[in-house]
Amino acid sequence: MIHHDVIVVGGGLAGLRAAIEAKRAGLDVAVLSQVHPGRSHSGAAQGGINAALGNHPEGRDDSWEKHAFDTTKGGDFLGDQDAIVQMTKDAIEVIYEMDHWGCPFSRYEDGRITQRPFGGAGFPRCCYGADKTGHYLLHTLVEQAYKHQVKLYVEQYVCKLIVHEGICQGVVAYDMIRGGFEAFSGGAVIIATGGAGRIYANSTNALINTGGGMAMAYHAGVPLKDMEFIQFHPTGLYSTNILMTEAARGEGGYLVNGLGERYMEKYAPKFMELAPRDIVARAGQTEINEGRGINGQPYVYLDLRHLGAEKILERLPGIRDLAIHFEGVDPIEEPIPVVPSQHYTMGGIDTNVDGATIMPGLYAAGECACVSVHGANRLGGNSLLETIVFGRRAGADVFRYLESRPDKRPPNARAAFAAVQAMEDKVEALARAEATENAYALRTEMALVTKEHFGVFRDEAGMKAGLDKLLSIKERSAKVGLRYTGNVFNLDLIRTLDLEGMIDVALCMAMGALNRTESRGAHYRTDYTKRDDANWLKHTLAYYRPGEAGPRLDYKPVTLGYFEPEERKY
Amino acid sequence: MKAESVTSHRGGMWAWLFQRITAVLLIVCLAIHLVFTHIVGIGDISYDTIGDRLAHAGFIAVDIILLAAGTFHALNGLRMVLMDYWFTSRKRALALTVVLWVVGLAALVYGIWALWPWIS
Amino acid sequence: MAEITFRVKRQDPQDKKNPEAHWEDYKITYEGNLTVLEGLFYIQEKYDGSLAFRYCCRASVCGSCAMYIDGAYRLACQTNVKHLDSAGSPDPVVTVAPMPHLPLVKDLVCDMTDFFAKYEYIMPWLIRKSPDPEKELLQSPKDRKKLDMPIDCILCGCCYSSCPSVWGEENYLGPAALLKAYRFEVDSRDEARKDRLSRWDNERGVYRCHTIMNCVEACPKELVPTEGIQWLKRAAIRRRLFGRLK
């Protein structure tokens, strides 16, 4: 058993920021990650990070209040406004902090950080480093983690929480390099494992974004909040769903349909291509569904040609490379074929504004958590911000928690050994099982069901059919087994263990969506097209029911107090 | 990798810098040397003509610089190559460096001794 | 439907019965495009669950899946089999091997411990001496431009694996770590004087680089580590002889 004061699961922006904060407070911190932290999916973020710095010439009148309002409105008023205000206030400070740590933001002539317009924002407030902002931020935090000597356990697949007497006391991890399960005990655990994009077949996310952290917390009894709100990014590459940043439109790119029209005129005449993502994604999907895709094909064009080679090479070099490598299209010469693609899970582990969950000792931050600041639809540039702001807050609160808790006994060793034993038994059973189902086939099937039945447009009949399919997949998933039982770098083991959590997370999403009889933000139902504040201005909570197929759903009110819900127009 | 295994090889800057400086000196001095041996004095190479040329202080200087730079450049180059193979540890690298310095200085002294009649 | 053979170098040093490296062939059928990474998943799912390889973003930004494919360093996710030399042949074969000259964990997974130890050793973080301003540290676009090349490094390890100086001297820091040192030393905001200098200004640091340029050829992001290393050599002289920081 390995002990540290704090165990952080996940080495992306949220996890590293939390670890650095806790370490600076004097705690002994370890980060466990399935990949080297520098390879985390945060690094794939492109466009930028929002903060009302007012550096852009047209952004002088910007303020954190306006940022908070845009975020609230963008999220269709489902976000908790106290959390949103906290985030937009902290935003300015954390950006300067990242800059002081060496993050290579792009610069204006006077040396200040550049900002660009982004979707749903009243002012250009998205701070960026070319179109590789996530990569730059991530590497800056990796560097700081090394500087502060945060202990990194790399290539550890964390699969279970250690819970003793209702308190979280650590995790069990599969050591991919040395093999075997090991208990990592700690006074507190911070889950920062990112989103669950891979429950969809058409995701922009990394292949490791399977929602493992959400599933771990869920299985330990912590509710998942607002899981039905899945963001579809308007511009994923047609063939691979690889992300084409919103910055492409922020810099002036057009969305064009098969008739050569800038179709956003019809959907958001004022904001055009820079309306919030849910609206732009629905617009694109409508064009495709109504046969106005390019040559009748199911995609539209993202056209950057009018920006000119110089601007593309300076501001958008990363997506140009991606378009060339993965679509065979050079955006300087040709428009890029794009489709709406699953991009972000607004929902996640239910936390308060300091990242604490209902379970003492368990924290969550970043995409795997739901504070909630994004409400029903996240604005571009707010996800990077969320990771850093709430990672930092979680790291600080862990210190307060460890100082203040009355019971200072070390973590219970027996509980840790029992948890390791439980994992070993599980793997043993999988190895012995006479598999009649194939885990990979089930995963693919599940991802296609979510894509088909819980996509941009949803309705009762479709979702019911989808839910039935998911339930049957869940049943069949009990019959999978291991094909390889080696110790070292056993991908068969990891990918098989992933399956249960992925299906459970998908079920939370599906049941939450089916239950919510309204359209709000990214959750759009063709049978209930209006937002229904009277009945549905509330968060969904999904609780795990051991032995049952799906979650128990509960609801809790949204925290208002700053802005009254109004109709969204862009 | 151990931290001390990197720092044990201190310096290196002077070796690198002088490799560059000697390279430039070689180009210049070798050019002068070749021009005066093969172009200006073409068809007339004998002990006496060379002796006459070496009577000029400038030529002596060029030849001594050529000798020193060439020796350093060659032996340091050899040292860089050998350090990639057997002479990797600090001890061996140090021993190699000392031996090469002795060889180099010996060559230099021998060369200057050969030129001594004109120097004096 | 197209068909292609993947010839994969397999080795499990833990396997007592068969610890040696060997090649195995797998037939893959696909429609449209196929990246090498997709091919590896196909093998892992359909033929052999024991195949080990690293993966993450599948969009060439994370640096996980660096391999030696058809005799060149490539990112598996970024490599479309149609762009390989074998593509034209009626019976195409793609060879996939782990990055050479690195210790092996299993199959296509190399041990990157030393690689990251050297990265850490170089002190890869911004060193500041003066107090932080209230707002951002100002940096001109001209100074920022100097960072464009080195900050794009994804730490995939291709350059490190390809460098003959690393093969000859296991303690040589290698191109990636030195490029990282360059990234900070060249940064106008960095105030390190001798903090980092002693770590790279020696014969297991920059002077071990013999400008062989394998790293430049290997880099899948088309970076030029050698340029950074040469800059560092000049910077050492500026700093030690003339006391100038940049």
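Going along each chain's sequence as written, the residues are numbered from 1 onward. Think of it this way: whatever chain is written first is A, whatever ligand is written first is 1, and the rest follow in order. Totals for whole chains, interfaces and linings use all residues, but because this is a predicted model, local features are given only for residues with pLDDT of at least 70 and pairs of side-chain atoms are given and counted only at 80 or more.

## Comments concerning the overall build of chain C
Step number 1: Each helix corresponds to a stretch of at least 4 residues labelled H or I by DSSP, and each strand to a stretch of at least 2 residues labelled E; elements are numbered beginning at the N terminus. A count of helices and strands for chain C gives 9 helices and 7 strands.
Step number 2: In terms of overall dimensions, chain C has C-alpha extents of about 60 × 40 × 30 Å along its principal axes.
Step number 3: Partly exposed residues are those falling between the two cut-offs: more than 12 but fewer than 20 other C-beta atoms within 10 Å of their own, whereas 20 or more means buried and 12 or fewer means exposed, with C-beta atoms placed from the backbone. Taking all 246 residues of chain C together, the buried fraction comes to 54%.

## As for the environment of A:Ser239
Step number 1: With respect to the helices and strands, the residue A:Ser239 is situated in the loop between strand S13 (230–237) and helix H6 (247–250).
Step number 2: The exposure class of A:Ser239 is partly exposed, given the 14 C-beta atoms found within 10 Å.
Step number 3: Sequence separation of A:Ser239 and A:Val339 is 100 residues, and the distance between their C-alpha atoms is 8.8 Å.
Step number 4: For the purpose of contact definition, each residue receives a C-beta atom placed from its backbone, and two residues are in contact when these atoms lie within 7 Å. Leaving out residues up to four positions away in the same chain, A:Ser239 has contacts with A:Glu327, C:Gly32 and C:Asn33.

## Section: the interface of chain B and chain C
Step number 1: Of the residues lining the interface, 18 residues belong to chain B; the matching set on chain C comes to 22 residues.
Step number 2: Elements that contribute at least two residues to the side of chain B that touches chain C include exactly helix H1 (3–7), helix H2 (13–40) and helix H4 (57–83) of chain B.
Step number 3: Counted by class, the side of chain B that touches chain C contains 10 nonpolar, 6 polar and 2 charged residues. Amino acid classes used here: Ala, Val, Leu, Ile, Met, Phe, Trp, Tyr, Cys and Pro are nonpolar; Asp, Glu, Lys and Arg are charged; the rest, including Gly, are polar.

## Quick word on the nonpolar core
Residues and elements named next belong to chain A.
Step number 1: Residues of type Ala, Val, Leu, Ile, Met, Phe, Trp, Tyr and Cys that are buried and joined through C-beta atoms within 7 Å form what is called a nonpolar core. Grouped together as the largest cluster of nonpolar side chains are 263 residues, with contacts concentrated most on Val 8, Val 171, Val 189, Ile 190, Ile 191, Tyr 363 and Ala 510.
Step number 2: Sort the elements by how many residues they give to this core and helix H15 (residues 491–515) lands first, with 15 residues.
Step number 3: If we ignore the near neighbours within four places in the chain, the residues touching Ile 191 are Val 9, Gly 10, Gly 213, Met 216, Ala 217, Ile 349, Tyr 363, Ala 364 and Cys 368.

## Remarks on the interface of chain C and chain A
Step number 1: In this complex, chain C contributes 42 residues to the contact, which on the side of chain A involves 42 residues.
Step number 2: Among the residues forming the side of chain C that touches chain A, the class breakdown is 19 nonpolar, 12 polar and 11 charged.

## A short note on the sheet that holds strand S4 (residues 72–75) of chain C
Residue and element names in this part refer to chain C.
Step number 1: A pair of strands is treated as paired once DSSP finds two or more bridges between them. Spatially, 5 strands are ordered S2-S1-S5-S3-S4 in an open sheet, and the strand pairing comes out mixed. The sheet is open, and its two borders are formed by strand S2 (22–30) and S4, each paired with just one other strand. Strand-to-strand twist in this sheet, taken as the mean axis angle between neighbours without regard to direction, amounts to 35 degrees.
Step number 2: Examined bridge by bridge, strand S1 (residues 2–10) and S2 share 9 bridges and lie antiparallel to one another. What sits directly across from Phe 6, in S2, is Tyr 26. Each axis is a line fitted through C-alpha atoms, and for a helix only the stretch in contact is used; angles between axes span 0 to 180 degrees, taken between their N-to-C directions.

## Section: the arrangement of the chains
Step number 1: The highest contact count of any of the 2 pairs of chains in contact belongs to chains A and C.
Step number 2: At the C-alpha level, the nearest point of chain A lies 15 Å from chain B, with no contact between them.

## Concerning the packing of helix H5 (residues 212–219) of chain A against H15(A)
Angle between the axes and distance between the axes: these two values describe a pair of packed helices.
All names here are of chain A.
Step number 1: Their axes nearest at 9 Å, the elements H5 and H15 cross at an angle of 80 degrees. Judged on the interaxial angle alone, H15 and H5 are roughly perpendicular. Taking contact as the criterion, the partners of Gly 212, Met 214, Ala 215 and Tyr 218 in H5 are, on H15, Asp 498, Gly 501, Asp 504 and Val 505.
Step number 2: For the contact of H5 with H15, the per-class residue count stands at 4 nonpolar, 2 polar and 2 charged. Geometric relationships in this document are graded by angle, where less than 35 degrees denotes roughly parallel, more than 145 denotes roughly antiparallel, 65 to 115 denotes roughly perpendicular, and other angles denote oblique.

## A few points about the domain arrangement of chain C
All names here are of chain C.
Step number 1: Source of the domain bounds: an automatic or database domain assignment. Partitioning chain C into domains gives domain 1 (2–110) and domain 2 (113–242).
Step number 2: With 12 residues of domain 1 in contact, the opposing surface of domain 2 contributes 11 residues.
Step number 3: With 3 residues, the single largest contributor to the side of domain 1 that touches domain 2 is S4.
Step number 4: Residues belonging to the side of domain 1 that touches domain 2 are distributed by class as follows: 8 nonpolar, 3 polar and 1 charged.

## Here we look at the environment of A:Asp5
Residues and elements named next belong to chain A.
Step number 1: In this fold, Asp 5 is placed in the loop between strand S1 (2–3) and strand S2 (6–9).
Step number 2: Put simply, Asp 5 and Lys 23 are 18 residues apart on the chain and 9.6 Å apart in space, counted from C-alpha to C-alpha.
Step number 3: Discounting chain neighbours no more than four positions away, the residues touching Asp 5 are Leu 27, Asp 28, Val 29, Gly 186, Gly 187 and Leu 402.

## Points about the sheet that holds strand S21 (residues 552–557) of chain A
Residues and elements named next belong to chain A.
Step number 1: Across the sheet, 5 strands lie side by side as S19-S17-S12-S20-S21; this open sheet has mixed pairing. Both edges of this open sheet fall to strand S19 (369–370) and S21, since each of them pairs with a single strand only.
Step number 2: With 2 bridges joining them, strand S17 (residues 348–350) and S19 adopt parallel strand pairing. Pairing of Ile 349 across the sheet is with Ala 369, part of S19.
Step number 3: Lying over the sheet, H15 contacts strand S12 (224–225), strand S20 (538–543) and S21, oriented at roughly 140 degrees with respect to S20.

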